[in-house]
Amino acid sequence: MALFSKLKESLTKSRDGFIGKVTQLVAVTHKIDEEFFEELETIMLQADMGVAVTTRLISELRTEAKKQRLKEPGQIKALLSSQMEEMLGGPVPLNVNTQGLTVYLVVGVNGVGKTTTIGKMAHSLIRDQKKVLLAAADTFRAAAIEQLEIWSERTGVEMVKHQAGSDPAAVVFDAIQAAARRGIDHLIIDTAGRLHTKSNLMEELRKIRRVISRELPGAPHEVLLVLDATTGQNAIRQAELFKEATEVTGIVLTKLDGTAKGGIILAIKEELDIPVKLVGTGEGSEDLKAFSGRDFLEALFDEGDAE
Amino acid sequence: MLLEGLAERLQNTFKKLRGKGKLTETDINEAMREVRLALLEADVSLPIVKSFIQRIKERSLGAEVLESLTPAQQIIKIVDQELTQLMGAEQGKAQFSTTGDATVFMLAGLQGSGKTTTAGKLALYYRKQGHQPLLVGVDVYRPAAIKQLEVLAKQVNVPFFSLGEQVSPLKTARASLEQAKAQGCDLIIIDTAGRLQIDTVLMEELAQLKGILSPQETFLVVDSMAGQDAVNVARSFNEDLGLTGVILTKLDSDTRGGAALSVKAVTGCPIKFIGMGEKLDALEPFYPDRMAARILGMGDMLSLIEKAQASFDQQKAQELERKLRKAEFTLDDFLEQIGQVRSMGSLDQVLGMIPGLGNVKQLRQIKEGFDEKDFGRIEAIIRSMTPGERRDTGIITGSRRRRIALGSGTTVQDVNRLLKQYDQTKKMFKQFGENISGKAGRKAKPFKLPF
């Protein structure tokens, strides 16, 4: 399975880090005691899973271990895996408007990989014979429009743009009009990176969202928050505030090809119930995969014997 | 707000210790566990946390704490000292060439950490100090990255150089040395492509770039929102490249910024600058002691004082201080303060610098009650009052409130809310005033610790 092995490949580092440590811990520990749980807690925190999730999982592990009279630390690992799988839930595909134009709005803080993600999404939709239009609504950052333009040339996808510094909501308005006229299947809107704490910029996003809903009832069909896998606990705040402003429907977790552990997605699922829908695993146009909690965990827990 | 979450946790921890005449080892263990979780929650790397806690605990178990009358204060002092030490003893300054050749600064880091924006900011920062920077773009991988640097160069009004995306970064780098000479530039700032620290090919490219340029400064640009992985990234870049400094970006977010601690501890390199916004002048020197004070919730007093000095009238400030101490603070002063405070930056930024913000309940209520946009309304309400009413809000009766509301185009509720906020502010300033003046005869402490 291509997806599986790619995920596994990109998670190798996570596994070396996280599972390696759990396995090591399991191997050197002979009984389940306080020290064992404390070490386990430490390992989970180091995977960026956050104090809240870690505390909950550990307390559940404790209760279960007692109830099932588990004596072997090895049994704990299986238990932990099933707990995490339950938390992540089943795969959630991208929402598609079967009645016509589908609009995806892509948001996130600076430098997480929004434009690159959009390039990859366009590439994948084109491969599925869809008519795609890109909207360059990042009118703020220097050369952001040019960056998206290069992706539009690379993927052979049309693009709507205005001058740098113009009103992004106006770009979005024009893009929706153009998409309707040209019989486009998927419109993907790139927005400027913004810190979730800048209330005026979040207000601008709200306005963009309002314009979309007004021009096309039912849209946007997805509001995708792009999250950098190397982000720590602040990712929860990002998700919280972007959700508040734009009703985020899914997360794209990028840069999973690095050494980052990606544990933060569990914390976000736990606290905000936003599913991860896509995973970015590199800089190439093919390096975007559908996310599935099961695959993610299988790759995470797999010891490398099954392919 | 910057690291505020951590401050709150530490404050809560030490609240538990307060009031105990003598601490036992169990007390200290409990406090250390809280501190440990707080640091982890703030994204400080685990090994760093462990050694940090170990040091704090050893010192806390010493006589200076156990036999002190105020053990919690002592522990805070220790945490503060250790935190400051961990972040570097002093503020770093950039190294410049002493041979007469152009100085070279090289920027490296992961994708999206903010290298290109930082390059533009550095160029502006040093141009303002009388240098002639040349911005050099060698990011041939990310689409339009070189174009982005070129646009930034124009914005900060410095020359830009690149041989384009078709030419190898090494060739551009070599040519940039000649270019700097030809254009009379004394500082080359080179923006490299973002890369993963495990990408051996691209890491080798960086090492070669460094060999060609022999930079005085090799900066690692680190996103302050980074998690536990920051420590691995910093270690690899340092091992492969030999870093001389760190630039921490996106600190204008609400990240707790534990990555700052980790990166410093792992590389041993000083954090030389921090990025505080998207505007190109939002680059500031890093002050470890200020950061530690902020982590402890003592507020960034020094920054506040500096900002205040820049925008406050000296005489007015003295007059205000006198009024604050005597709680003679009237609505007229309030109005004037609003004007001055607004010239210092957003209310959030200013309030964040006031000591003990995390713990002062009234202040928090005020903060929640205030919206930046409300300022205009407040001004209108106060201006609709008679001078007598502004001096003594006690005389404002129901019918006066209605008149004021009509006059300012607001509602009676708005007027009521303002009066309530004013009362709270007055009370709070009175407390601060007492702390500022201190008890008679004793050398005044700058402020009372809020725990």
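All values derive from a computational prediction rather than experimental measurement. (Residues numbered from 1 in each chain as written. Chains lettered and ligands numbered in written order. Predicted model: local features only at pLDDT ≥ 70, side-chain atom pairs only at ≥ 80, totals over all residues. Heavy atoms only, no water.)

**Here's the deal with the overall build of chain B**
- Secondary structure summary: chain B contains 21 helices and 8 strands in total.
- Expressed as a percentage of its 451 residues, the buried residues of chain B come to 54%.
- Partitioning the contacts of chain B with sequence separation of at least 6, the portion at a separation of at least 24 is 74%.
- Of the accessible surface of chain B, which amounts to about 19,800 Å², a share of 49% is contributed by carbon and sulfur atoms. (Helix = DSSP H or I, 4+ residues; strand = E, 2+ residues; numbered from the N terminus. Buried < 20%, exposed > 50% of the residue type's maximum accessible area, 1.4 Å probe, protein only. Contact = heavy atoms within 4.5 Å. Areas by Shrake-Rupley, 256 points an atom, 1.4 Å probe, with all protein chains shown as cover.)

**Considering the sheet that holds strand β4 (residues 187–191) of chain B**
All names here are of chain B.
- With mixed pairing, the 8 strands of this open sheet are ordered in space as β3-β2-β4-β1-β5-β6-β7-β8. The sheet is open, and its two borders are formed by β3 (160–161) and β8 (283–285), each paired with just one other strand.
- As paired elements, strand β6 (residues 245–249) and strand β7 (residues 271–275) share 3 bridges and run parallel to each other. Across the sheet, the residue bridging to V246 is I271, located in β7.
- Contacting β1 (103–108), β4 and β5 (217–223), helix α9 (residues 200–213) crosses the sheet at an angle of about 175° to β1. (Pairing = 2+ DSSP bridges. Axes fitted to C-alpha atoms, helices over the stretch in contact; angles between N-to-C directions.)

**What about the packing of aromatic side chains?**
Residue and element names in this part refer to chain B.
- One pass over the structure, following the stated rule, counts 9 aromatic pairs over all chains.
- Summarising the aromatic geometry, the rings of F219 and F273 are spaced 6.5 Å apart at their centres and angled 75° between planes, so their arrangement reads as edge-to-face. Of this pair, F219 sits in strand β5 while F273 sits in strand β7, and the two are 54 residues apart along the sequence. Per residue, the accessibility class of F219 equals that of F273, and both read buried.
- Put simply, the rings of F96, F105, Y125, Y126, F219 and F273 pair up and form one aromatic cluster. (Phe/Tyr/Trp six-rings, centres within 6.5 Å; stacked < 30°, edge-to-face > 60°.)

**With respect to helix α7 (residues 145–156) of chain B**
All names here are of chain B.
- With 12 residues, α7 should cover 16 Å at 1.5 Å per step; its first-to-last C-alpha distance of 17 Å lies within 8% of that length.
- Every buried residue belonging to α7 is among A145, I146, Q148, L149, L152, A153 and V156, and all of these are buried. Projected down its long axis, α7 shows its buried positions confined to an angular sector of 155°, all on one face. Exposed and facing more than 90 degrees away from the buried side of α7 are K154 and Q155.
- Against the buried residues of α7 lie α6 (115–128), β2 (133–137), β3 and β4.
- Of the residues trailing α7, N157 is marked for its positive phi of about 60°. (Expected span 1.5 Å × (residues − 1). Arc of directions from axis to C-beta.)

**Observations regarding the side chain of A:T231**
- Among the secondary structure elements, A:T231 is positioned in the loop between β5 (222–228) and α9 (234–246).
- Within the structure, the side chain of A:T231 is placed 2.7 Å from the backbone oxygen of A:D228, a separation counted as a polar contact.
- For A:T231, the residues in contact, after removing those within four places along its chain, are A:D48, A:Q238, A:I264, B:M225, B:A226 and B:G227. (Polar contact = N/O pair within 3.5 Å; in protein donor to acceptor, adjacent residues only side chain to side chain.)

**A short note on helix α8 (residues 199–215) of chain A**
- Over its 17 residues, α8(A) extends 24 Å from the first C-alpha to the last, a length consistent with the 24 Å expected when each residue adds 1.5 Å.
- A:M202, A:L205, A:I208, A:R209, A:V211 and A:I212 are the residues of α8(A) that are buried.

**Quick look at the confidence of the model for chain A**
- Averaged over every residue, the pLDDT of chain A is 86; residues scoring 70 or more account for 87%.
- The model gives residues 302–307 of chain A a pLDDT under 50, and that stretch makes 10 contacts with residues more than four places away or in other chains. (pLDDT = per-residue confidence, 0-100.)

**Focus: the side chain of A:T155**
Residues and elements named next belong to chain A.
- Residue placement: T155 occurs in helix α6 (residues 144–155).
- A polar contact is formed between the side chain of T155 and the backbone oxygen of W151, at a distance of 2.7 Å.
- Apart from the residues lying within four places of it in its own chain, the contact partners of T155 are G119, A122, H123 and I126.

**Digging into the pattern of salt bridges**
- Summed over all chains, the structure comprises 28 salt bridges over all chains.
- When the shortest N-O distance is used, the salt bridge between A:R56 and A:E60 registers 3.5 Å. In this pair, A:R56 and A:E60 are both assigned in helix α3 (residues 51–67), 4 residues apart and thus about one turn of the helix distant.
- Given the relative accessible area of 30%, A:R56 is considered partly exposed.
- By relative accessible area, A:E60 is classed as partly exposed at 30%.
- A:E64 is paired through a salt bridge with A:K67; the nearest N and O atoms lie 3.3 Å apart. Placement of the pair is A:E64 and A:K67 together in helix α3, with a separation of 3 residues, close to one helical turn.
- The partly exposed category is assigned to A:E64, whose relative accessible area is 22%.
- The exposure class of A:K67 is exposed, given its relative accessible area of 63%.
- When salt bridges that share partners are traced, they join A:E41, B:R33 and B:R36 into one network. (Salt bridge = Lys/Arg side-chain N within 4 Å of Asp/Glu carboxyl O.)

**Concerning the nonpolar core**
- By size, the foremost hydrophobic cluster in this structure holds 92 residues, and its most contacted members are A:L40, A:L134, A:L187, A:I188, A:I189, A:I212 and A:I268.
- The residue makeup of this core includes at least three contributed by each of domain 1 (3–88) and domain 2 (102–291) of chain A.
- If you look at the next biggest cluster of nonpolar residues, it comprises 60 residues, including B:L40, B:I75, B:L134 and B:L213. (Core = buried A, V, L, I, M, F, W, Y, C linked by side-chain atoms within 4.5 Å. Domains from an automatic or database assignment.)

**Side note on the sheet that holds β5(A)**
Residue and element names in this part refer to chain A.
- Pairing is mixed across the open sheet formed by 8 strands, whose spatial order is β3-β2-β4-β1-β5-β6-β7-β8. Of all the strands in the sheet, just β3 (158–160) and β8 (288–290) have a single pairing partner and so form its edges. Strand-to-strand twist of the sheet, defined as the mean angle between neighbouring strand axes without regard to direction, takes the value 25°.
- Along the sheet face, α6 touches β2 (132–137), β3 and β4 (186–191) and points at about 170° away from the line of β2.
- Helix-sheet contacts for α9 involve β1 (102–107) and β5, and the interaxial angle to β5 is about 160°.

**Overview of the interface of chain B and chain A**
- Every contact between the two is made by 34 residues of chain B and, on the other side, 42 residues of chain A.
- With both chains or domains summed, chain B and chain A bury close to 3,300 Å², and 55% of this area falls on carbon and sulfur atoms.
- On the surface where chain B and chain A come into contact, there are 3 salt bridges.
- The shortest N-O distance in the salt bridge between A:E41 and B:R33 comes to 3.2 Å.
- When contributions to the side of chain B that touches chain A are tallied by element, the ones reaching two or more residues are α2 (25–41), α3 (46–60) and α7 of chain B.
- No other element matches the 5 residues that α2(B) contributes to the side of chain B that touches chain A.
- Here the residues of the side of chain B that touches chain A are counted per class, giving 13 nonpolar, 9 polar and 12 charged. (Buried area = accessible area lost by both parts, 1.4 Å probe. Nonpolar A, V, L, I, M, F, W, Y, C, P; charged D, E, K, R; others polar.)

**Observations regarding the packing of helix α2 (residues 34–46) of chain A against α3(A)**
All names here are of chain A.
- Put simply, α2 and α3 touch, their axes get as near as 10 Å, and they point 150° apart. Of the possible angle classes, the one that applies to α2 and α3 is roughly antiparallel. Pair α2 / α3 crosses with right-handed handedness. Of the residues in α3, those touching α2 at E34, F37, L40, E41, M44 and L45 are V51, T54, L57, I58, L61 and R62.
- Class assignment of the residues belonging to the contact of α2 with α3 gives a composition of 8 nonpolar, 1 polar and 3 charged. (Parallel < 35°, antiparallel > 145°, perpendicular 65-115°, else oblique. Left-handed = near helix turned anticlockwise from the far one by under 90°.)

**A few points about the confidence of the model for chain B**
Residue and element names in this part refer to chain B.
- Residues with a pLDDT of 70 or more make up 70% of chain B, whose mean pLDDT is 79.
- Low confidence marks residues 355–362, where pLDDT is under 50. Its contacts with residues over four positions away, or in another chain, come to 26 contacts.
- The low-confidence segment residues 436–451 (pLDDT under 50) makes 26 contacts with residues lying over four places distant or belonging to another chain.
- Across the interface, the model reports ipTM at 0.84; the global pTM reads 0.76.

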